[in-house]
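Structural characterization, general
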Amino acid sequence: MDKSIKPVDLDDFDRKIIAALVADGRMTVTDLARTVGLSKTPCQVRLRRLIDGGVITGFCATIDPVRLGLDHVAFTEVKLSDTREKSLEEFNSAVRRIAEVEECHMIASSFDYLLKVRTADIRRYRIVLGEKISALPHVESTSTFVAMETVKDRGV
């Protein structure tokens, strides 16, 4: 995360706009304005400011991965052999190219990264782990935790 990025000052209307769009990103500006208690033009101005300011970074469809046959979730701890900045950048760049890795977080722990990996089944996960994750730059070791059930997953 870029430390030079400062949080944006948001008022109650901005927060209401964000909450409404998180709940329904396909909402029309007219419906959004009605929902948050503004007229259409001020709502459009605020929405544009939130988009231009990088608070709202995009709109996308939320997919049910189980319906796509991707119901195997594993969390993979990754320990690197080298944690100098160049090595971290190489790892970060390479892990972004693995489609099965939904999330990647640098962790302050006895390991360096925690990955959320989604595949069709354990066999496919084993292939992704062996051929993709373990082959990432500077990977020294991995450890896997398989999710038995997803209790909460907002995707936010």
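Keep in mind the model is a prediction, meaning the values are calculated, not measured.

Details of helix H3 (residues 40-52)
Across its 13 residues, H3 extends 18 Å between first and last C-alpha, which sits within 8% of the 18 Å expected from 1.5 Å per residue. The complete set of buried residues in H3 reads Cys43, Arg46, Leu47 and Leu50. Down the axis of H3, the buried set is contained in an arc of 100°. They therefore lie on one face. Of the exposed residues in H3, those oriented more than 90 degrees away from the buried face are Thr41, Val45 and Asp52. In the segment just after H3, Gly54 is the residue with positive phi, at about 80°.

Details of the sheet that holds strand E4 (residues 139-146)
Spatial ordering of the open sheet is given by E2-E3-E1-E4, a layout of four strands whose pairing is antiparallel. The open sheet terminates on both sides in strands that have one partner only, identified here as strand E2 (101-106) and E4. Mean inter-strand twist for the sheet, computed between neighbouring axes without regard to direction, equals 20°. Taken together, the seven bridges between strand E1 (residues 72-80) and E4 define a ladder with antiparallel strand orientation. Its bridge partner lying in E4, Thr76 is registered against Thr144. Set on the sheet, helix H4 (residues 85-95) makes contact with E1, E2, strand E3 (113-119) and E4; between it and E3 the angle comes to about 15°.

The rules behind each value
Residues numbered from 1 in each chain as written. Predicted model: local features only at pLDDT ≥ 70, side-chain atom pairs only at ≥ 80, totals over all residues. Heavy atoms only, no water. Helix = DSSP H or I, 4+ residues; strand = E, 2+ residues; numbered from the N terminus. Expected span 1.5 Å × (residues − 1). Buried < 20%, exposed > 50% of the residue type's maximum accessible area, 1.4 Å probe, protein only. Arc of directions from axis to C-beta. Pairing = 2+ DSSP bridges. Axes fitted to C-alpha atoms, helices over the stretch in contact; angles between N-to-C directions. Contact = heavy atoms within 4.5 Å.

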